[in-house]
Amino acid sequence: MQDTPGEPRAPKAAHLVEHLIGSTRYRRLRSRAGRFFHEMFDPTPTKTDMKLTVHIGTTKTGSTSIQAFLSQNRASLRAAGILVPLSLGVQNHFNIAISCLEYGQSDDLMKRVNILSNADLTTFRYKRKRAFLSEISAAKECHHTIITNEHLHSRCIKSSNIESFKEFVCPHFDKIEVLIYVRPQVDHLVSLYSTILRDGYTGTFESFVKLHMASKFGPYFNLQDIISRWSQVFGKENIIVRPYEATKNVLYGALGDFCNVIGLDIDADSFSLPDSTNSSISPNGQGLLKLVNSIENISPSIQEKIIEWIEANCSGRGTVPNIDLARQFMQRYTESNRWVVENYFPNNPEYLEPNWSVFDKNQK
């Protein structure tokens, strides 16, 4: 992988040490060697007076609208003292999620940025970190930084990934809080199906549900596990859990709730609202998407135009499972959801309870 003009080269000594002993042992060595190691291999200044808010999703809880708002208002937010880093990604901070993964995790994501070896990942990680530190060091007028990326939920499923994230950001902020939106898993799954169809999936909804009953998807859907992983690294007191269902009663939905959490007046004249994006697709639209996805050698540009037409003309609640299948899926998370309710919204258990009336008992 070639160096990008203007970006610093990774120090050869640090590269060599990490390559020889592996990333996990390398992090342990850095931790034990402390300041001496840091000054040798990473001499960048390490402290700001900023607060950091990390928005990790979960997926299908309005993240796209939040990220679109932050991206298109980046300059106005900076004028208000809020930094939305450009070094980590233009609209969502994809680069930091990649930096926290181990080589061999999420090959599809790594190939997007041409990471084909552990050495590539080490170089990528180093460059992103240096660019991020340079950016926050230059933002002396800012008191608050926001990082947002759902892959921090969906792909960073190991404790070591979150430890890597902590190592990436923790030395540079006075306070760090992690913001997580949650919703009933079967509602999440219904919304996810439209997204997967946009990406080329051709299977039926029933097969999609049954596929996601596999144990390997537990780290993705188990909200207790997700919250606990982040709590163990950053402390329970620094985790903010918001029910997605409750945002439906907030002006501007999840985006409005997000702005309330960070203390931002979304109606200020300096901010503009994003267009609606990534909406659910009706059953008829989903059927048309499956048909398009099954066409061999279709031109990507034509496929993109068809998807745009479907999104514009076939929006609405997508296919739902029959009630027996829906209950079977939700039963896997009964105990973990109870834990979330008891710890974060004990007076509103309905926030993680599906609206069972939408599931048709007679649907086949």
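Residues numbered from 1 in each chain as written. Predicted model: local features only at pLDDT ≥ 70, side-chain atom pairs only at ≥ 80, totals over all residues. Heavy atoms only, no water.

K.L.:
What's the story with the packing of aromatic side chains in this structure? I'm lost.
P.N.:
When we look at a pair of aromatic rings, we describe it by the centre distance and by the angle of the planes. Using the criterion set out here, one finds 18 aromatic pairs in the structure. Note on Phe-165 and Trp-230: the rings are 5.5 Å apart at their centroids and 70 degrees apart in plane angle, and the pair reads as edge-to-face. Placement of Phe-165 in helix H10 (residues 159-169) and of Trp-230 in helix H14 (residues 223-234) is noted, with a sequence separation of 65 residues between them. A single burial state applies to Phe-165 and to Trp-230, both of which are buried. Between Lys-236 and the ring centre of Tyr-344, over which it is positioned, the NZ or CZ distance is 5.8 Å. Across from the ring centre of Trp-356, 4.2 Å away, lies the NZ or CZ of Arg-327, which sits over that ring. (Phe/Tyr/Trp six-rings, centres within 6.5 Å; stacked < 30°, edge-to-face > 60°. Helix = DSSP H or I, 4+ residues; strand = E, 2+ residues; numbered from the N terminus. Buried < 20%, exposed > 50% of the residue type's maximum accessible area, 1.4 Å probe, protein only. Lys NZ or Arg CZ within 6 Å of the ring centre and 35° of its normal.)

K.L.:
I keep staring at helix H4 (residues 63-72) and nothing clicks. Help me out?
P.N.:
Three or four residues apart is the spacing at which side chains of an α-helix point the same way, because the helix has 3.6 residues per turn. Of all 10 residues that make up H4, seven are buried, and the element is covered over most of its length. Within the sequence span of H4, burial applies to Ser-63, Ile-66, Gln-67, Ala-68, Phe-69, Leu-70 and Ser-71. Buried residues in H4 make contact with strand E1 (51-55), helix H5 (74-79), strand E3 (144-148), strand E4 (175-182) and helix H15 (253-262). (Contact = heavy atoms within 4.5 Å.)

K.L.:
Where do I start with the packing of H14 against helix H19 (residues 334-344) in this structure?
P.N.:
Geometrically, a packed helix pair is captured by the angle between its two axes and the distance between the axes. In the contact formed by H14 and H19, the axes pass within 7 Å of each other and the chain directions differ by 55 degrees. On the basis of their axis angle, the class for H14 and H19 is oblique. Residues Leu-223, Gln-224, Ile-227, Ser-228 and Ser-231 of H14 pack against Glu-335, Ser-336, Asn-337, Trp-339, Val-340 and Tyr-344 of H19. For the contact of H14 with H19, the residue count by class is five nonpolar, five polar and one charged. (Axes fitted to C-alpha atoms, helices over the stretch in contact; angles between N-to-C directions. Parallel < 35°, antiparallel > 145°, perpendicular 65-115°, else oblique. Nonpolar A, V, L, I, M, F, W, Y, C, P; charged D, E, K, R; others polar.)

K.L.:
Looking at this model, I keep getting lost on the environment of Ile-226. Mind explaining?
P.N.:
Along the polypeptide, Ile-226 turns up in helix H14. A sequence separation of 168 residues divides Ile-226 from Thr-58, and the C-alpha atoms of the two residues are 9.2 Å apart. When sequence neighbours within four positions are dropped, the list of residues in contact with Ile-226 reads Ile-56, Thr-58, His-153, Pro-219 and Tyr-220.

K.L.:
Help me understand unusual backbone geometry in this model?
P.N.:
Glycine aside, residues mostly have negative phi angles, and peptide bonds mostly take the trans form. At the junction of Gly-57 and Thr-58, the peptide bond is cis and its omega measures out at 10 degrees in the coordinates. The residue Thr-58 is located in the loop between E1 and H4 in this model. A positive phi angle, close to 65 degrees, is found at Lys-60, a residue other than glycine. Mapped onto the secondary structure, Lys-60 falls in the loop between E1 and H4. Among the residues examined, Lys-60 registers a relative accessible area of 12% and is labelled buried. In this model, Asn-297 sits at a positive phi of 60 degrees, which is unusual for a non-glycine residue. In this structure, Asn-297 sits in the loop between helix H16 (283-293) and helix H17 (300-313). Note on Asn-297: relative accessible area 79%, which makes it exposed.

Such coordinate-based values are descriptive only and should not be taken to indicate function.
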